[in-house]
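Commentary on secondary and tertiary structure
One letter stands for each residue in the lines below.
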Amino acid sequence: MKKELTFALNYALNKGFQIHPGAFKILENVDVKKLEKVIKEIVREKTRQKLFQINQNDLETYLGIKEDPTLQSEIKVLFDPTSKITTGEGVKGYNALFSSRFNKLKRIISDRPESKMLKSIASVKTVKLEEDMFVCGLLTTRNIERNITKLILEDPSGSFEGIIFDDELQKTAGTLLTDQFIMVRVSLGKSSGFIIKDIILPDIPDQPINKSESEVYAVFLSDLHIGSKYFMEEEFTEFVSWLSSPDPTARKIRFILIGGDIVDGVGIYPNQDKELVCQTIEEQLEKIDGLIDKIPKNIKIIIMPGNHDPGRRALPQPAIPKKYNLSLWERENVVMVGNPAVVSLNGVKVLMFHGQSIDDIVKTTPGMNYDKPTNVMKHLLRARHLSPIYGSQTPIAPEMEDLLVIEDVPDIFHVGHVHKAQLDMYKGILLVNSGSWQKQTPFQASVGMTPNPGIAIMVNLKTFQVFHENYNSNSDNILQS
Ligand code: D5M
Ligand code: FE
Ligand code: ZN
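About the criteria used
- Residues numbered from 1 in each chain as written.
- Chains lettered and ligands numbered in written order.
- Predicted model: local features only at pLDDT ≥ 70, side-chain atom pairs only at ≥ 80, totals over all residues.
- Heavy atoms only, no water.
- Phe/Tyr/Trp six-rings, centres within 6.5 Å; stacked < 30°, edge-to-face > 60°.
- Helix = DSSP H or I, 4+ residues; strand = E, 2+ residues; numbered from the N terminus.
- Buried < 20%, exposed > 50% of the residue type's maximum accessible area, 1.4 Å probe, protein only.
- Lys NZ or Arg CZ within 6 Å of the ring centre and 35° of its normal.
- Core = buried A, V, L, I, M, F, W, Y, C linked by side-chain atoms within 4.5 Å.
- Contact = heavy atoms within 4.5 Å.
- Donors = N, O, S within 2.8 Å, 3.2 Å for Na, K, Ca; no water.
- Pairing = 2+ DSSP bridges.
- Axes fitted to C-alpha atoms, helices over the stretch in contact; angles between N-to-C directions.
- Near = heavy atom within 4 Å.
- Polar contact = N/O pair within 3.5 Å; in protein donor to acceptor, adjacent residues only side chain to side chain.
- Areas by Shrake-Rupley, 256 points an atom, 1.4 Å probe, with all protein chains shown as cover.

Quick look at the packing of aromatic side chains
- This model, assessed by the stated rule, comprises 14 aromatic pairs.
- Where F160 meets F194, the ring centres are 5.0 Å apart and the plane angle is 40 degrees; that geometry is what we call tilted. Pair noted here: F160 is in strand β6 (residues 158-164) and F194 is in strand β8 (residues 194-200), with a separation of 34 residues, a long-range link.
- Among the residues examined, F160 registers a relative accessible area of 0% and is labelled buried.
- The structure contains a cluster of three or more aromatic residues connected by ring pairs, namely F231, F236, F239, W242, W437 and Y471.
- Above the face of the F464 ring, K211 is positioned so that its terminal group lies 5.4 Å from the ring centre.
- Just above the ring of W329 sits the side chain of K322; from NZ or CZ to the centre is 5.2 Å.

Next comes the structure, spelled out in structure tokens:
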């Protein structure tokens, strides 16, 4: 026990006071510098009242941390892939997946004025084009030859090939992702080929942001990697204790969102066992369950899986199955969802996605890198899809419905995976990459990846003001925005 705490307890006991366990728990979390003053004032006041017991209520009243019963904390799961996962078989499955992607995104782009002149690929090929026309489809191929870019798009009626001469437009074309949905403005060239004059992405429309009526906070976490040698257990435990401290921000927290890689898993990468302190998934999940137990019960916790968590590897991922840890599922303040998911926190819509596709996008797209994952997040919002590239490193299951299309515009977009705590805004949407609680691993060091772990990002859901608590002792380790 800290000596300041021992002093405070002895002071009260020597004056004939009894200390209630609830009061003791609060005293444990009071800043040590304030303990002496706090105990002396409470003892004086209660002596005056001739009541020789110090209970939780006395401390909460004195510290001004009495729970505000008017604070609302309503959570609704608006989208969870878990029950929708069917997995189509083989080619038929992929056809269904891409046709669902096309239809959903065509519906989204139909709100744009240009869409009035939208033609199917088959009809554009047969009519005599006198003025510019618009076609849309999924980008299957992009070639650059002799300073000319050629794009091939597919819609259900056929395949369309167009070329781009304009330098700026070629640059835009260079950032497009394979299998992404786009709309193009085209005209007929002199030699009867099609020329692409403009590229239009589904993107995010201007729209008002939903805010919470009560002033409650949500914490954004991800990539704990429990079970790994590099999990920052001490720092994370310190953060968990801070949640029950008298700090005014901590007192208003009602939601914690965990965006995947809760555990480090088993057999995720070669020789992983040498970097694990817990060798089974069950043991790893038990550890998180123990930590969750220390979180105040008025905080609702949403748990979404990442590529290290059990269930299935391919996107969309179901919630971490019950068979690995029933007690997480049985907790009243825990909500288990799949990846991706959309939750409403007092009306604020949060799109949660672990972020696996960032790896593919960083590798293939000019101007994108691991230092600025929020730029990749903007790219995904413009494409209105969480993982467009099919057949690269990120496994995508052949579902009958494409559950990775961003159908609903969120107020907050929460991603993890790349271990960089970073904030940004895009068209009014708050972008949060929630970093990690795992120190740099030998693999990350070998590829020059520098994470900034140990930062808890918190958002006031009424004002959208962002706060953070940094548990990393390295002064270079900061939240990026
Ligand atoms: O991934 C953390 C980050 O490190 C993420 O950007 C992927 C990258 N990473 C991790 N392991 C590998 C391997 N083996 N190859 C390529 N890239 C990798 P996390 O999901 O936490 O492991
Ligand atoms: Fe991770
Ligand atoms: Zn990950």
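Alright, that's what it looks like, and here's the rest.
Looking at the nonpolar core
- If you look at the biggest cluster of nonpolar residues, it comprises 35 residues, and the most contacted ones within it are F239, I256 and I303.
- Mapped onto this core, the elements with two or more residues apiece are β9 (217-221), α8 (233-242), β10 (253-259), α9 (281-293), β11 (300-304), β12 (334-336) and β18 (455-460).
- F239 has contacts with V219, L221, W437, A456 and Y471, leaving out every residue within four places of it along the chain.
- With 29 residues, the next largest nonpolar core counts L351, L381, L403 and I406 among its residues.

Brief notes about helix α4 (residues 56-63)
- Of the positions making up α4, those classed as buried are D58, L59 and E60.
- Tucked inside the fold, the buried residues of α4 contact α2 (21-29), α3 (32-49) and β2 (53-54).

So, the coordination of the iron ion (ligand 2)
- Only D223 (OD), H225 (NE2), D261 (OD) and H419 (NE2) from the protein reach the iron ion (ligand 2) as donors, at distances of 1.9 to 2.3 Å.
- One chain supplies every donor to the iron ion (ligand 2), and in sequence these donors are spaced D-x1-H-x35-D-x157-H.
- The metal-metal distance between the iron ion (ligand 2) and the zinc ion (ligand 3) is 3.2 Å, with D261 coordinating both. With a gap of 196 residues between them, D223 in the loop between β9 and α8 and H419 in the loop between β15 (412-415) and β16 (421-426) connect regions that are remote in the sequence. For the pair shown, D223 and H419 are each scored as buried.

Some details on the coordination of the zinc ion (ligand 3)
- With distances of 2.2 to 2.3 Å, the protein atoms coordinating the zinc ion (ligand 3) are D261 (OD), N307 (OD1), H354 (NE2) and H417 (ND1).
- Mapped onto the polypeptide sequence, the residues donating to the zinc ion (ligand 3) form the spacing pattern D-x45-N-x46-H-x62-H.

Re the sheet that holds strand β13 (residues 341-345)
- Spatially, the 6 strands line up as an open sheet ordered β3-β13-β14-β15-β17-β16, and their pairing is mixed. Edge positions in the sheet fall to β3 (75-79) and β16, since each of these pairs with one other strand and no more. Pairwise comparison of adjacent strand axes, ignoring direction, gives a mean angle of 20 degrees for this sheet.
- With 6 bridges connecting them, β16 and strand β17 (residues 429-434) associate as antiparallel partners. For Q422, the partnering residue across the bridge sits in β17 and is N433.

Observations concerning the site of ligand 1
- The environment of ligand 1 is made up of 13 residues, and the closest members are N307, H308, D359, H417 and H419.
- A distance of 3.1 Å separates an oxygen atom of ligand 1 from a polar atom in the side chain of H225.
- N307 places a polar side-chain atom, nitrogen or oxygen, 2.8 Å from an oxygen atom of ligand 1.
- Taken by itself ligand 1 offers 460 Å² of open surface, and the protein chains cover 76% of this.

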